[in-house]
Amino acid sequence: MSSNAGTAARPSRSMVRSLRRWESALVLILIAVIAFATIESPDFLTTTTIFFGGLDIGQIAIMALPLTLIVITGEIDLSVAAMLGLSACVFGYAFEHGTGAALAIVIALLVGALGGSLNGFLIARLGLPSIAVTIGTLTMFRGIAEVVLGNSEVTNYPTGLTVIGSKPIFAHLAYPFLFFLILAAIYAVVLHKTPVGRSLYAIGLNKEAAFFSGIRVNRTKFILYLLSGVVCAFAGIVYALQNDSSIYTAGQGLELNVVAVVLFGGVSIFGGRGSVLGVVLSVLIVAASQVAFTLINISSEEQQIIFGVLLLFSVLVPNSAAGYRRLQAWINQVRRSAPAAGAGPSG
Amino acid sequence: MSVTKAPQVVAHPAPAARQHRVAETVSRFRPAVIALLILVIFGGTTIKNSSFDGLSNIQAMLSISAIYLLLSVGETMVIVTRNVDLSVGSTLGISAFAVGEIYNHDPHMTMVVIFLAGIGIGAVCGAIIGLITTVARVPSLVVTLAALYIIRGLDNIVGSGVQIEPSVIPHTLVSLGYSTVVGIPWLFVLVVVVALAAAFWMRSFPAGRELYAIGSDPEAAVLAGIPVARRVFTVFVISGALAGLGGVLFLAQQATVDSTAGTGYELVIVTAVVVGGVAIFGGSGSVIGAVLGALLLQVINQALVAAQISAFWDSAIAGAMLLAAISFDRLISFRASRALVATEGVSYVE
Amino acid sequence: MQPDRFETPILADDGAPDASGYLFAVEHVGKSFGAVKAVIDASLRLKAGEAHALVGENGAGKSTLVKMLAGVHEPDTGQLYMEGEAVQLSSPAIARDAGIAVIYQEPTLFPDLDVTENVFMGRMPKRSGGRVDRPLMLDQVNAVMGRLGVRLDPNRLTRGLSIADQQIIEIAKALTLDAKVIVMDEPTAALSSAEVARLFTVIETLRAEGAAVVFISHRLDEVFATCQQVTVMRDGRSVLSSPANELTSDQLVRTMVGRDIEKRQGAHGAGSGDVVLKVDRLTREGKFVDISFEVRAGEIVGLAGLVGAGRTEIAQAIFGIDRYDAGSVSMSAAPLKKGSPTAAMAAGIGLVPEDRRQHGLVMDESIERNIVLASLKRVRRRGLIANALSRDFATRWSQRLQIKFNRLSDPVSTLSGGNQQKVVLAKWLSRQPALLIVDEPTRGIDVGTKSEVHGLIQKLAEDGVAVLVISSELPEVLLLADRILVIREGRFVHEFANAEATEEAVIAAAAGVIAEVAI
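Calculation criteria
Residues numbered from 1 in each chain as written. Chains lettered and ligands numbered in written order. Predicted model: local features only at pLDDT ≥ 70, side-chain atom pairs only at ≥ 80, totals over all residues. Helix = DSSP H or I, 4+ residues; strand = E, 2+ residues; numbered from the N terminus. Buried ≥ 20, exposed ≤ 12 C-beta atoms within 10 Å, placed from the backbone. Contact = placed C-beta atoms within 7 Å. Pairing = 2+ DSSP bridges. Nonpolar A, V, L, I, M, F, W, Y, C, P; charged D, E, K, R; others polar. Expected span 1.5 Å × (residues − 1). Axes fitted to C-alpha atoms, helices over the stretch in contact; angles between N-to-C directions. Core = buried A, V, L, I, M, F, W, Y, C linked by C-beta atoms within 7 Å. pLDDT = per-residue confidence, 0-100. Parallel < 35°, antiparallel > 145°, perpendicular 65-115°, else oblique. Left-handed = near helix turned anticlockwise from the far one by under 90°.

Draft legend 1. Molecular detail of the overall build of chain B. When its secondary structure is counted, chain B shows 13 helices and 2 strands. Per-residue burial for chain B yields a buried fraction of 54% across its 350 residues. A separation threshold of at least 6 residues defines the contact pool for chain B, and within that pool the share at least 24 residues apart is 81%.

Draft legend 2. Expanded view of the overall build of chain A. The helix and strand tally for chain A stands at 13 helices and 2 strands. A total of 347 residues make up chain A; the buried ones form 55% of that total. The long-range fraction of contacts in chain A, counting pairs at least 24 apart against all pairs at least 6 apart in sequence, stands at 81%.

Draft legend 3. Highlighting helix α9 (residues 311–319) of chain C. All names here are of chain C. α9 sits mainly inside the fold: 9 of its 9 residues count as buried. Those residues of α9 lying buried are R311, T312, E313, I314, A315, Q316, A317, I318 and F319. G320 lies just past α9 and shows a positive phi near 95°.

Draft legend 4. Spotlight on the sheet that holds strand β15 (residues 334–335) of chain C. Residue and element names in this part refer to chain C. Read from one edge of the open sheet, 4 strands run β12-β11-β14-β15, paired in antiparallel fashion. Across the chains shown, the open sheet's two edge strands, defined by having one partner strand only, are β12 (288–296) and β15. By the bridge criterion, 5 bridges tie strand β11 (residues 275–284) to strand β14 (residues 326–331) in an arrangement that is antiparallel. Looking across to β14, one finds that K278 is bridged to S330.

Draft legend 5. Main features of the interface of chain A and chain B. Counting from both sides, the interface comprises 45 residues of chain A and, opposite them, 55 residues of chain B. Per-class residue counts for the side of chain A that touches chain B are 27 nonpolar, 14 polar and 4 charged.

Draft legend 6. Representation of helix α5 (residues 130–149) of chain A. Residue and element names in this part refer to chain A. Under the 1.5 Å per step criterion, the end-to-end length of α5 is 28 Å for 20 residues, consistent within 8% with the ideal 28 Å. In terms of burial, α5 is largely enclosed, as 19 of its 20 residues are buried. Phi for G150, located one or two positions after α5, is positive at around 60°.

Draft legend 7. Representation of the sheet that holds strand β20 (residues 466–470) of chain C within the structure. Residue and element names in this part refer to chain C. Spatial strand order, β16-β19-β20-β13-β21-β22: 6 strands in an open sheet with mixed pairing. Where the open sheet ends on each side, the last strands, each with one partner, are β16 (349–352) and β22 (491–497). The sheet shows a mean angle of 20° between the axes of neighbouring strands, taken without regard to direction. One ladder, built from 6 bridges, connects strand β21 (residues 483–488) with β22; its direction is antiparallel.

Draft legend 8. The interface of chain A and chain C, seen in detail. With 26 residues of chain A at the interface, the matching set in chain C holds 32 residues. Tallied by class, the residues present in the side of chain A that touches chain C amount to 10 nonpolar, 10 polar and 6 charged.

Draft legend 9. Just the nonpolar core, in detail. One finds M63 and A64 of chain A together with V181, I182 and I437 of chain C to be the most contacted residues of the largest nonpolar core, which totals 392 residues. With 16 residues, helix α10 (residues 228–254) of chain B is the single largest residue contributor to this core. With residues up to four places along the chain from it excluded, the contact list for V181 of chain C reads L23, F24, L46, G99, I100, A211, A212 and V214 of chain C.

Draft legend 10. Structural context of the confidence of the model for chain B. Residues and elements named next belong to chain B. In this model, chain B carries a mean pLDDT of 83, and residues with pLDDT of at least 70 account for 89%. Counting interchain partners and residues more than four positions distant, the pLDDT-below-50 stretch residues 1–15 has 44 contacts. Every residue in residues 335–350 scores below 50 in pLDDT, and together they form 46 contacts with partners more than four places removed in sequence or on other chains. What the predictor reports for the complex is a pTM of 0.83 with an ipTM of 0.83.

Draft legend 11. Examining unusual backbone geometry more closely. Residues and elements named next belong to chain C. For S332, which is not glycine, the phi dihedral falls at a positive 50°. Mapped onto the elements, S332 comes out in the loop between β14 and β15. Exposure remark for S332: the 16 C-beta atoms within 10 Å place this residue in the partly exposed category. Look at R382: it is not a glycine, yet its phi comes out positive at around 55°. Of note, R382 is situated in the loop between β17 (380–381) and β18 (384–385).

Draft legend 12. How the structure looks around the pairing of strand β13 (residues 300–304) of chain C. All names here are of chain C. In terms of burial, β13 is largely enclosed, as 5 of its 5 residues are buried. Here β13 runs beside β20; their pairing, made up of 4 bridges, is parallel. Considered in β20, the bridge of G302 is made with V469. In terms of strand pairing, β13 meets β21 through 4 bridges, oriented parallel. Within β21, the position partnered with G302 by the bridge is I484.

Draft legend 13. Region of interest: the packing of helix α11 (residues 265–275) of chain B against helix α12 (residues 287–306) of chain B. Residue and element names in this part refer to chain B. Remark: α11 packs on α12, axes separated minimally by 7 Å, with the N-to-C direction vectors making an angle of 120°. Between α11 and α12, the interaxial angle falls into the category oblique. Considering only the axes of α11 and α12, their crossing is right-handed. Across from V268, T271, A272, V273 and V275 in α11, the residues of α12 making contact are A290, G293, A294, L296 and L297. Of the residues that constitute the contact of α11 with α12, the class distribution is 8 nonpolar, 2 polar and no charged.

Draft legend 14. Structural detail: the environment of S416 of chain C. On the secondary structure map, S416 of chain C appears in the loop between α13 (387–400) and α14 (417–429). Along the sequence, S416 of chain C and I445 of chain C sit 29 residues apart, while their C-alpha atoms lie 8.4 Å from each other.

Draft legend 15. Highlighting the environment of V286 of chain A. Residues and elements named next belong to chain A. Along the chain, V286 turns up in helix α12 (residues 276–295). For V286, a count of 27 C-beta atoms within 10 Å gives the class buried. Sequence separation between V286 and F264 is 22 residues; the distance between their C-alpha atoms is 9.6 Å. Excluding anything up to four places from it in sequence, V286 contacts I57 and V261.

Draft legend 16. Summary view of the packing of helix α3 (residues 80–96) of chain A against helix α10 (residues 217–243) of chain A. Residue and element names in this part refer to chain A. In contact at an axis separation of 7 Å, α3 and α10 are set at 55° when each is read in the N-to-C sense. Relative to α10, the element α3 is oriented oblique. Pair α3 / α10 crosses with right-handed handedness. Contact residues: V80, M83, L84, G85, L86, S87, A88, F91 and G92 in α3; S228, G229, C232, A233, A235, G236, I237, Y239 and A240 in α10. For the contact of α3 with α10, the per-class residue count stands at 12 nonpolar, 6 polar and no charged.

Listed below in structure tokens is the structure:
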């Protein structure tokens, strides 16, 4: 977020270099995780585990992409998983009432666009703080999902579509993960190689200067939120089909995982820094870890703790160099202001 | 070199100044407006469902709201310093669970120890969060998000398979959950006392005023010599301690607890606090307003049930209210930039 | 009295350092940050009751010296003396207790708190039970405001106050701290002339009460108007201290720069090109009314006026940053859409904004990315940005403007003010605009680079670009502009051709009064 909370500090200087370092570290971590897991359990690198790993991480991965761009501009979107849930419910509701799968998909995506536009309007047009707005829309989307489906569950989606949850493509790639990879490629090109993508970094670092340079800050942010709504709605449809179930609790609590994945990928919470590659690596690490943990019988509750530690770690490390210096300065200050001869002003 | 001497200075009070007065006035009257809204909703629902204003119903409402009000107090302090605490629900849960566990092992444990234990656990959680936020300078959004995970995970692991039976909770504690003082539930009274104490502290004590300064301009606060790290650390400890206390009260109220206790509270609390007039970027707002905001949300919750509107609408309405509250704040704020506005006008002659 | 070149330290008869003749003395201090020697050998000797100017180009070490006074840094070498006693100012709190107050260019107040709490924040007086003693605070604030001759409502939130009023609050803060040394860093940069006059009166009051005021400014005319003593810093050293009335401004500039600045001559008389910009009855409520003018290709038009007259608002309205309520703007006879910087840029307008750090540059981004920021579409190959193209682009333009940097990938915040301004210029010049609007082209820039920037602007005009220059520095306007338009309180007042313009005439038009000339 572009506001500095009382006491938080933005690490700066030579950002490109530090990002490269972060990504290299991620590669090493990924290799380490895979190595460790393969040693611990020879089942690890089989096609089945790769398939299920990709399946599990699919939605979080998909939602992480639009969130990456939003965080780079210095904003946040906590409503991502709630939109997933809402879209899954709307999709289910429409399908249940006989609209047919194709139309239901369109309706769900439209709902995503609407929800994203609401976020975009309040944040980009009215200039409201994104954390507060997306907490509001998060609550609201969940509430509407609850109203739409109530306590009931929609199942029995056409098997031609639910196959994405049961059959791999290319031998071991899960469909949701494939969607993620395709989207990641598109996002990578847009972020790193287009003027619009480059402008996101400027917006995150200094949105006034960006505006004075002719960048349409508000319009860009609006589009990012709109896109986030649509992509998360897509993730919701994938979720519903993959699990052959739509229920109002879909995606509950996932937003934190998505934020964790994005931050762990090297995207700075303050904005202005990050890459799609980093987020992809982060997704891979988390996917591999989740599979590995399940194989060695670490429960999902324990995995939650690991997620939390991951999140902390991803923000602590960039700050640690600065923090260490500050610790030293503090120690020096304490030493200096200790009662010693000659210290202190006179008069 | 030439020098101009302008003879008389004409003052032109800037239009922006007037707008700022409007915003100031609105924020001063906000708690009153919310109180009014509560009464209106209350009255409206009673018309639809005449049993709504029955004494026992009101008592139940106040009792249920108490814990949310309590957590709002701590959250207000945190948000005023331009931070946020998303871990309160998890802290409440683990405190409730730990206290229940104590009873499991020793059903005759004294109340004092129980309360101290609950508050203590919460304070420890808050202290760890406070340390990471201030020393490691990690944004509180991230720290408390991570804490939410970690504490909840710990709670799940420790609590998996363990049930706290109502039978082990001593009557002394449970009776707190429903006993009243001059007709008002004891829980509610306790919470109101805490809220008033907090409000008094934030209004009239230097350390309390410094919280507002920190949220208003963190860098200026450092320059002014305010011990920012110490203050921020303290508010997180308080927030955690109150959440821990909330855990004890939760046990008193529900007489049972599982590992999902407190899930989702943080979003409700943050919504309540912002609706109650605390700016999300800190620097302004009051405990009284926040507490009223929490009460408002709870009243709406109860009203929906009583008026036989599906309770499913509750979240949707809460979310919409938060959006409405911050939109309204922005609209009356004219130039809502955080920095001071440089405008024309010399205050020689007012 | 002879000007002091600080060659001898102040000594008493027995050879020990004796600073008792001065209220506050900085003796031969030095401060380095790693390999960077910010201050090498600086001295400053303040007498009670004097206004003392500290002048020097950017990079001379003034701000580091001020930070040492403020207790933010401690000197590596040398010593500070308060009323004859050696002092160690190891923290801002200690400096405050010692009686030193620093008022920065950007006042740091708390917008959500009222005036009274702002004055006392961090050291609030307490009454019984540890509560804040509000009645006492109110009394003191009112008393101080009375001394300063200013009326501000002590219960009013500081959000929305003018910069001038914010400064007064900072000064009030200093007075309630019984400050004996008050340092003002570029205090007049954002003030209107009425507010400057008020500030000078306040300085007189402070002097009369026995305080020493350190006045740091690039506005040499104000230095001579207000200060009794001038100390010059150059390249980290104090090179001269002299009573103000024994110094001419030429001597002062020469001492600051260490060389003679050639006075640039303008080649005036341009104005035969086509009309590029036409502004017709432009109006924005509360900011400016009925502004009409034209700028031709190859011509430099200057907008002169006091700070706050509305010139920046006019420029920003033309460029589309702000909207306007009535009137029109057209570029090369084609109407220009309002409120859209994109449209303005497409029509060939560039704006070098007044606030370099907030609006002109993305400080944390590299020099390269800042230069390329407005030309991203031009460094593409087959639709995608190509790093090699971007680097070439930035290299070419930084060379053309002679920007001094280490690496293109360094953050632009590592550059000096003058070089930063050149980066902003590079960003816009690389778009080859038909019209360049430059707002305060040399604010906060050292004299040497100033001259380079002036040369760049003149060359632009020679090459046929239409240029609109906004400046509060009269010599600059008179130097550059072919025609000078004076704006006062949002209205157009008078147009001068360069040949007939004099400083006095322009000031008279800008301030609406007859100027008194003092030497």
